Amino acid sequence: MTDSDRHINFQLMRDHILAMEDGKNTSGGKQYWRSLEELADSPAFQEFVVREYPQQAEEWHDPIERRTFIKLMGASLALAGLSGCVFQPPEKIVPYVKQPEEEVPGKALFFATAAPLLGAALPVLVRSNEGRPTKIEGNPDHPNNRPSDTVTNNLVQDPRGFSATDIFTQASVLSLYDPDRSQTLTYREDIRTWTAFVGEMRTALDEQRAKQGAGIRFLTETIISPTVGAQMKELLQALPQAKWHQYEPANADNARAGAVMALGQPVNITYKFDLAERVLSLDSDFLSAIGASQRYAHDFMVKRRFTEENKGINRLYVVETTPTNTGAKADHEWCVKPSQFEGIARALLAGTGGPEWVAAVAKDLNQHKGASIVIAGDQQSPTIHALAHAMNSALGNIGKTVFYSDPLAVNPVDQRQSLQDLVADLDGGRVELLVIVGGNPVYTTPVDLKLDFERLQKAKLRVHLSQYKDETSQLCHWHVPEAHYLESWGDARSYDGTISILQPLIQPLYDGKTVSELLAVFSDQYDRKPLDIVRAFWQSHYQSQTPGAAAAPVAKATSSNNSAAPQSATASTTATSQTTNASAGRPVPTSSSTSSDFESWWRKTIHDGFVPNSALPTKTFSVRTEALNQPQQTTQSANGNFEIVIRTDPSIYDGRFANNGWLQELPKPLTKVTWDNVAVVSPNSAYQLAGVRDNGGSTTGREHYVPKVDLVDPQGRTIRAPLWIMPGQPDEVITIYLGFGRTVGGRVASGINGQPVGYNAYAVRTSYEPWFTSSLQVRKTTEQHLLATTQLHFNMEDPNFSKEERDIVRSQTLEQFRNSQKEDKEEHPTIYPEYPYKAQAENAPNYAWGMAIDLNNCTGCNACTIACQAENNIPVVGKEQVARSREMHWIRVDTYFKGFDASHPEATSFMPVPCMHCENAPCEPVCPVHATVHSAEGLNDMVYNRCVGTKYCSNNCPYKVRRFNFFLYNDWDTPTYQLMRNPDVSVRSRGVMEKCTYCVQRIQAVKIQSEIEGRRAQDGEIVTACQAVCPTEAIVFGDVNDPNSRVSKIKASERNYALLGELNTKPRTTYLSELKNLNPEIKA
Amino acid sequence: MADEPQEPYMEGPMHSTHPVIDPGLTFASVTDKISSIVLKRRTSLAWFFGFAISFALFQLMLLAITNLVFVGIGLWGVNVPVAWGIDILNFVWWIGIGHAGTLISAILLLLRQKWRTSINRFAEAMTLFAVAQAGMYPIFHLGRPWLAYWLFPYPNTMGIWPQFRSPLMWDVFAVSTYATVSAMFWFVGLIPDFATLRDRAKSKVFQMIYGLLAMGWRGSARHWHRYETAYLLLAGLATPLVLSVHTIVSFDFAVGIIPGWHATIFPPYFVAGAIYAGFAMVLLLTIPLRKFYGLEGFITMRHMHNMAKVMLATGLIVGYGYMMEAFFGWYSGNKYERYMIWNRMHGPYALYYWALILCNIITPQFLWSKKIRSNLLALWIISFVVSIGMWLERFVIVVTSLHRDFLPSSWGMYQPTQWDWSMFIGTIGFFFTLLFLFIRFLPMISIFEMRTILPEAEVDE
């Protein structure tokens, strides 16, 4: 109201009153009045009053009044130039000049290939976002991943095939983008071109040709690629005097020798665990540490999952020399000294002798003839392997649960012998050109056959192909960067021999060359591209194998509409696993009518990711047991030394993954140690050796201060290893792990400040005792070592307030479970109101996402942790931060030992812990800024942008699943890492909380698609990253509002329970208790 | 006037030896003596020395904060599970110290305890400075401290309020209200004295500054009337705050579900603890100050006795709190609660727990003895020990509860880093910096209020 207005209004009022006085109340004015205002009552006056006194102003009846008001106000503040705008830096957006076929920006494509990482290829589908491979899933169409035909209940296994992979495959994405990978071809550290290299090699080759290649030696790893095998064969034909050596530190020499001993020739063994009622593992960690573990663990758990149909679950006996994941899952586990192992194995075959339990185990196995499996670990002696063959034969398992075929390797050799020959030739000066194809022999070769500088010097020209400039590259003239498998054309066999053709997802980032490309340099066609090599090989095969026929449908690269579930678009492939094919393992296209059109066969094969029916055909052998009649070799340690067990590391294997931060930071399954390898001992031995009874106290977070010991071999070579007490480790046995102590090979591998990560166990490993030895002296040192773990290991002898009292991991025997009362699922009283989940429509309740984790199935393989890390852009924080207990993994696998005797734990249990997504989430009400909120679908959402970092939510989370960015953990600068990230997940910055989201980006992708199609998201359509990767399908996710969903049915199980349910947080993630099927005849 | 000059406010034989004010003082001498500390007395070397040390530590705090903001709170020892460490602990500790001032000023004013007059100004200043230290922690303990303003309900384009269910939100209101009211209370109380200083200051600059601060105070009856009313109102306003602030701070823990936090006993026990800590700090500072500036006439042994008694009383309440916590833990039958108590007594931080019992329960028992209450050195040592004890109490509550909660797999340990300590020592430096400036530039004892309790002020009816 302006001043003049007011003036006029007062004037009006005055006039009105005066007029009334004059008019003697004739105009209907009031006779009695209380105030001048009342007397002057008139429409004009009323309006004046309303305008003068704003409290009488009309109310703004707008439901969003406050928010709108605030917005307007905020906007005006911003416009007023106070603070609202920050100038965004200009960004260049370059559109596609030519849009790639099938490429829809923002929509991921999936391509089939295979990951040839651990001796056998793993069939995979790789997610490609705008041409960048970002995530790897198993290929569900591959015969290895098809559900077993023996089980029909879809609660037990996903009928759509499964997509399991392992930690190495998951982490290989990080290796692809590793900025430390070798980027250029070098000659004595100088950068050279490929042409220069080829020219040099041709010159050297011309010299050699006169001598029929007598001075040429090739040293490769185990070759499972048919193309490379053919290339080598051709090479050796052209240069008959040249030699091909193979060496890998973790080789199958013993298994090979055992097979030769029992069957007369090397074989590949495949097992059908889904048919085995009883399994005896002789030191084989078949559930987590061998090439076929995904399939074996899956099949084993199919038989182990307790359902209405499968009430008599299988039984696993494990005899081992050091605790493993498989041992943890065993119903009966015996950890014995390596020197006692053979005696026990022989007693098991005989059914008598040995420890008292042997007879009971033998009896139980005998009662399950044809439905049992005896499996021996690769590191065990040939005799043990022969014994396993004999036992399987005696139990009638061969052809029922155990199958033999030709070996996967193109040319299976005794690798120790092979290396010995090479060393002899080198020492004899007979090698002029040494071509080391892959591997890092300078680091991995045994001490007695070490390819050290002295020895290598004797070869005039040395070439090394590898992904990293490592110890070997340093000692070679030429270093050729090797292409990552996601950049390569190639082929490889999976565990049963099924062939996959590898296709590249991306152009080599750093000019890497494939093995085929390098080998081609030494052939006549030295400038062939890898695609041509692989394609030519298969074309020649195709033509030699197939008469012509109708064309198979032309298939393009798999494009999945569904970015969450890695389903191949073609469902037409009817694959039957383990097919015995008459054509001796040769890949044969088996369209109903064979095709002469190689092009369509080729495209379909690449699209599907495998060559149909290419599994190696089974062979039958008669097992010869005469070799076993020889008396047991006495491996008694001469001087009462500790016995040493040598193993590959669970996370970085033989050292080839040493530069992978994800794997370095991955807590090892049983010890939870990161960024180090340890020397595992029993509690008694630790006391004997170093006078300690536990793994050192922690002060700043979750670190341990442990003593170090020296392990000294007779020649005085020493490794200094930190002692780690492991419950269940046999006394006087020390387990050491390979793969650490790298000096060259990337920033992560070789450590910071020149301090290598871990110790190098190769320094004391010999070729004649590669896995077990007793020739090392153990010496005490005064040095202490700091180990970073993700789980503190407390003194277990604390009976008053032990963790046993807490109902965390439920594990019971089958007997107890059958006899137990039905779990009364009592409701706890709460004052919290039910969360009002709005229904979508009257008959369509909203989604309610939930998860069930079957502890019975979890093998503790850690694949979920790495898969989550890859999917959700989770950073690596480094040893020092892990020691401060600031690791970032969204899903962790907790390990609990049961019982009070640390030397002999009653059981070991694994428990994967993601966010529980509680209905009554304790984190939600304590956040002062609404940064963690409940979604309408029951998700506990984390709003990173809103988080100010009070960390109150983490304090109040009873499950401690929240992770905080104490520093800027994510690498925002390295360009290649920017390519690696999942574009659907934000990259978190410093100072914000984060945690498992149930892969909300995958949920949303499926929901959007289903809404476009006007339907509900189907059960199983949404697969979280941890669920997709889990080999045993222990993790099932879905809509708990849908009573028919798999997750609802699983949650209906009697075994279902909520972790810390008494807190009444009502977690959406629930667990199924673990069952043990004990043999009543064996006393605990 | 009677023949024998009678001491005013001699309340029976008990206090006959310790009056609230030296009987020899007059209006003039009181004014002179107090104002001369600010205006006339040469600044002693000791002051410069003390100030220099405090100021240096204050710089350390600025360095610690700068580094923290640029690098991240990972510099501190906090982790998961112990996501709050000595940052929040110090916050609670400082806030606790800040309780005595307002209690002395407001509650004792309302209760007409005249002895408060000598110490209220100083205690209020201490409160204000302690709250300033406390206030920094909630801001800088954030992962992104530059967004601390999101905790305030302000109009914004995002259209969201803070979450009012969170105790941290309540903290924002409780602490900011407390700080504001305390500051106002302190300032209002200072106005008449500013005027005195203005009138007595020789230097032009000081005349100007004090003149500005005195806000035109002329000492008219009207002024006094207004002043008395305002002061009383503010006292009334401040009184509930004394109880509310620490009650709400205790909710930060009591609302959580962590064993060791989730306890209904927290509000009263925190408030008692705060008063306990506050009086300990007042004693800790008063004893050397009165000695140094010769204020024995103003702050007499009577004050020492009274404060010691308040400490003893609150100390007993706190001791009862500890006992009840342990009893509840055992009586609840809840395995997590029982383990929590067991872990406090026997776990890796057991030393802290037993030190806390020693400092906070055993030590104050000496205060039963009048002899010890009369021994200033003993009193000072006891106050010092209690201050440490109260720090330990917060350590036990914050850290030992968090470090082992429900799932043993997530258990961990916590150790403050050098940056934690830098910030803590820095806040102590900042606190003393302010305190040194205060005693140098402001009358540390209320001049006009002191005059009201002089015999001269007695008006014959």
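Rules and cut-offs
Residues numbered from 1 in each chain as written. Chains lettered and ligands numbered in written order. Predicted model: local features only at pLDDT ≥ 70, side-chain atom pairs only at ≥ 80, totals over all residues. Heavy atoms only, no water. Helix = DSSP H or I, 4+ residues; strand = E, 2+ residues; numbered from the N terminus. Rg over C-alpha atoms; globule rule 2.2 N^0.38 Å. Buried < 20%, exposed > 50% of the residue type's maximum accessible area, 1.4 Å probe, protein only. Axes fitted to C-alpha atoms, helices over the stretch in contact; angles between N-to-C directions. Parallel < 35°, antiparallel > 145°, perpendicular 65-115°, else oblique. Left-handed = near helix turned anticlockwise from the far one by under 90°. Contact = heavy atoms within 4.5 Å. Nonpolar A, V, L, I, M, F, W, Y, C, P; charged D, E, K, R; others polar. Phe/Tyr/Trp six-rings, centres within 6.5 Å; stacked < 30°, edge-to-face > 60°. Lys NZ or Arg CZ within 6 Å of the ring centre and 35° of its normal. pLDDT = per-residue confidence, 0-100. Buried area = accessible area lost by both parts, 1.4 Å probe. Salt bridge = Lys/Arg side-chain N within 4 Å of Asp/Glu carboxyl O. Polar contact = N/O pair within 3.5 Å; in protein donor to acceptor, adjacent residues only side chain to side chain. Pairing = 2+ DSSP bridges. Right-handed = clockwise from strand over helix to strand, strands pointing away. Patch = residues over 30% accessible without salt bridge, like charges linked within 9 Å, V, L, I, M, F, W, Y side chains within 5 Å. Areas by Shrake-Rupley, 256 points an atom, 1.4 Å probe, with all protein chains shown as cover. Expected span 1.5 Å × (residues − 1). Core = buried A, V, L, I, M, F, W, Y, C linked by side-chain atoms within 4.5 Å.

A. Spatial organisation of the overall build of chain B. Each helix and strand in chain B was counted, giving 16 helices and zero strands. Against the globule reference of 23 Å for 461 residues, chain B gives a C-alpha radius of gyration of 23 Å, in line with a compact fold. Along the three orthogonal principal directions, the C-alpha set of chain B runs to about 80 × 55 × 40 Å. Taken over 461 residues, chain B has a buried fraction of 60%.

B. Geometry of the packing of helix α5 (residues 167–176) of chain A against helix α24 (residues 863–871) of chain A. All names here are of chain A. At a minimum axis distance of 8 Å, the contact between α5 and α24 shows a crossing angle of 20 degrees. Put simply, α5 runs roughly parallel to α24. Crossing hand, α5 versus α24: left-handed. Only A863, I866, A867 and A870 of α24 make contact with α5, whose side of the interface consists of I167, Q170 and A171. Class assignment for the residues of the contact of α5 with α24 results in six nonpolar, one polar and no charged.

C. Local environment of the side chain of A:Q869. Checked against the element boundaries, A:Q869 lands in helix α24. Not counting the four nearest positions on each side in its chain, A:Q869 is found in contact with A:W662, A:I874, A:P875, A:V876 and A:H889.

D. Focus on the packing of aromatic side chains. The full count for this structure, using the stated rule, is 87 aromatic pairs over all chains. Centre to centre, the rings of A:Y998 and A:F1037 are 5.1 Å apart; their planes meet at 70 degrees, and the pair counts as edge-to-face. Taken together, the residues span a long stretch of sequence, with A:Y998 in the loop between β35 (993–994) and α29 (1000–1012) and A:F1037 in strand β36 (residues 1035–1039) at a distance of 39 residues. The two residues A:Y998 and A:F1037 agree in class, both being buried. Summarising the aromatic geometry, the rings of B:Y336 and B:F406 are spaced 4.9 Å apart at their centres and angled 70 degrees between planes, so their arrangement reads as edge-to-face. Of the two residues, B:Y336 sits in helix α11 (residues 335–346) while B:F406 sits in the loop between α14 (376–403) and α15 (418–441), which places them 70 residues apart along the sequence. In this structure an aromatic cluster arises from ring pairing among B:W93, B:W94, B:Y349, B:Y352, B:W391, B:F395, B:W421, B:F424, B:F431 and B:F432. The aromatic ring of A:W771 is capped on one face by A:R765, whose charged end is 4.5 Å from the ring centroid. Here the basic side chain of A:R886 rests over the ring of A:F966, its NZ or CZ set 4.5 Å away from the ring centre.

E. Molecular detail of the environment of A:A345. Residues and elements named next belong to chain A. With respect to the secondary-structure elements, A345 resides in helix α11 (residues 338–350). A relative accessible area of 1% places A345 in the buried class. As a C-alpha pair, A345 and V374 span 29 residues in sequence and 11 Å in three-dimensional space. Setting aside its immediate chain neighbours within four residues, A345 contacts I384, L387 and M391.

F. A look at the confidence of the model for chain A. All names here are of chain A. Scored by pLDDT, chain A comes out at a mean of 83, with 82% of its residues at no less than 70. Across residues 25–29 the pLDDT falls below 50, and counting only partners more than four positions away or on other chains, this stretch makes five contacts in the model. Within the model, pLDDT remains below 50 along residues 547–595, and this stretch shows 123 contacts once partners closer than five positions in the same chain are excluded.

G. Molecular detail of the interface of chain A and chain B. If you look at the interface, chain A gives 65 residues, while chain B gives 67 residues. In this assembly, chain A packs against chain B so that about 5,800 Å² is buried in total across both faces, 58% of it on carbon and sulfur atoms. Counting the contacts that link chain A with chain B gives one salt bridge. Ionic pairing is found between B:D405 and A:K960, a salt bridge with its closest N-O pair at 2.9 Å. There are 38 residue pairs in polar contact (both at pLDDT 80 or more) connecting chain A and chain B. Elements that contribute at least two residues to the side of chain A that touches chain B include exactly α4 (65–79), β30 (892–898), α26 (923–926), α27 (952–956) and β34 (963–964) of chain A. Per element, the largest residue contribution to the side of chain A that touches chain B is seven residues, and it comes from α4(A).

H. View of the environment of A:A108. Residue and element names in this part refer to chain A. Among the secondary structure elements, A108 is positioned in the loop between α4 and β1 (109–115). Accessibility expressed as a relative area gives 4% for A108, which makes it buried. Through-space distance from the C-alpha of A108 to that of V336 is 50 Å; in sequence the pair is 228 residues apart.

I. Structural detail: the pairing of strand β10 (residues 315–320) of chain A. Residue and element names in this part refer to chain A. Extensive coverage of β10 is indicated by the burial of six of its six residues. Residues R315, Y317 and V319 point to one face of β10 and L316, V318 and E320 to the other, with burial holding for every one of them. Relative to β10, strand β9 (residues 278–282) is paired through five bridges, and the arrangement is parallel. Along β10, the bridge assignment pairs S281 with V318. Taken together, β9, helix α9 (residues 293–304) and β10 form a β-α-β motif whose crossover is right-handed.

J. Structural context of the sheet that holds β1(A). Residues and elements named next belong to chain A. Read across the sheet, three strands follow the order β1-β2-β3 without closing on themselves; strand pairing throughout is antiparallel. Looking at the sheet topology across the chains shown, the edges are occupied by β1 and β3 (132–138). Across the sheet, the mean angle from the axis of one strand to that of its neighbour is 35 degrees, orientation sign disregarded. With six bridges joining them, strand β2 (residues 122–129) and β3 adopt antiparallel strand pairing. Residue R127 lies in a different strand from β3, and its bridge partner there is K135. Along the sheet, α5 makes contact with β1, β2 and β3, crossing β3 at roughly 170 degrees.

K. Molecular detail of a nonpolar patch on the surface. Nonpolar side chains collect at one region of the surface, where B:L377, B:W380, B:I381, B:F384 and B:I388 lie side by side and expose about 460 Å² of accessible area between them. Residue position: B:I381 is located in helix α14.

L. Molecular detail of α11(A). All names here are of chain A. Here α11 spans 19 Å end to end across 13 residues, near enough to the 18 Å set by a 1.5 Å rise per residue. If you check which residues of α11 are buried, you get P338, S339, F341, E342, I344, A345, R346, A347 and L348. Downstream of α11 by a residue or two, G351 has a phi angle that is positive, lying close to 85 degrees.

M. Quick peek at the nonpolar core. Core analysis: the biggest nonpolar cluster contains 356 residues, and A:L282, A:L348, A:I734, A:I736, B:F253 and B:F298 have the highest contact counts within it. In terms of residue count, helix α9 (residues 266–292) of chain B provides more of this core than any other element does, 17 residues in total. Here A:I736 is in contact with A:I644, A:V645, A:I646, A:R647, A:V678, A:A679, A:L711, A:I719, A:Y759, A:A761 and A:V764, once residues within four sequence places are set aside.

N. The arrangement of the confidence of the model for chain B in detail. Residue and element names in this part refer to chain B. Confidence along chain B averages 86 in pLDDT terms, with 94% of residues attaining 70 or more. Across residues 1–16 the pLDDT falls below 50, and counting only partners more than four positions away or on other chains, this stretch makes 13 contacts in the model. In the predicted complex, the global pTM is 0.86; the interface-specific ipTM is 0.91.

O. Representation of the pattern of salt bridges in the model. Residues and elements named next belong to chain A. Counted according to the given criterion, the structure contains 58 salt bridges over all chains. Notably, a salt bridge pairs D425 with K243, separated by 3.4 Å at the nearest N-O pair. One end of the pair, D425, is in helix α14 (residues 415–427); the other, K243, is in strand β7 (residues 243–246), and 182 residues separate them in sequence. We classify K243 as partly exposed; its relative accessible area is 38%. The salt bridge involving D807 is made with R810; its shortest N-O contact spans 2.7 Å. What makes R810 partly exposed here is its relative accessible area of 22%.

P. A look at the pairing of strand β20 (residues 643–647) of chain A. Residues and elements named next belong to chain A. In terms of burial, β20 is largely enclosed, as five of its five residues are buried. Burial along β20 is two-sided: the residues E643, V645 and R647 and I644 and I646 are all buried. Pairing geometry for β20 and strand β25 (residues 733–737), over five bridges, is parallel. Looking at β25, one finds that I644 is bridged to I734.

Q. View of unusual backbone geometry. With an omega of 20 degrees, the peptide bond running from B:V80 to B:P81 counts as cis. The residue B:P81 is located in the loop between α2 (45–71) and α3 (86–97) in this model. Unusually for a residue other than glycine, A:H930 sits at a positive phi of about 60 degrees. If you trace the backbone, A:H930 turns up in the loop between α26 and β32 (932–934). A:H930 sits in the partly exposed class, given a relative accessible area of 30%. One non-glycine residue with positive phi stands out, namely A:K960, at about 50 degrees. Mapping A:K960 onto the fold places it in the loop between α27 and β34. We classify A:K960 as buried; its relative accessible area is 2%.

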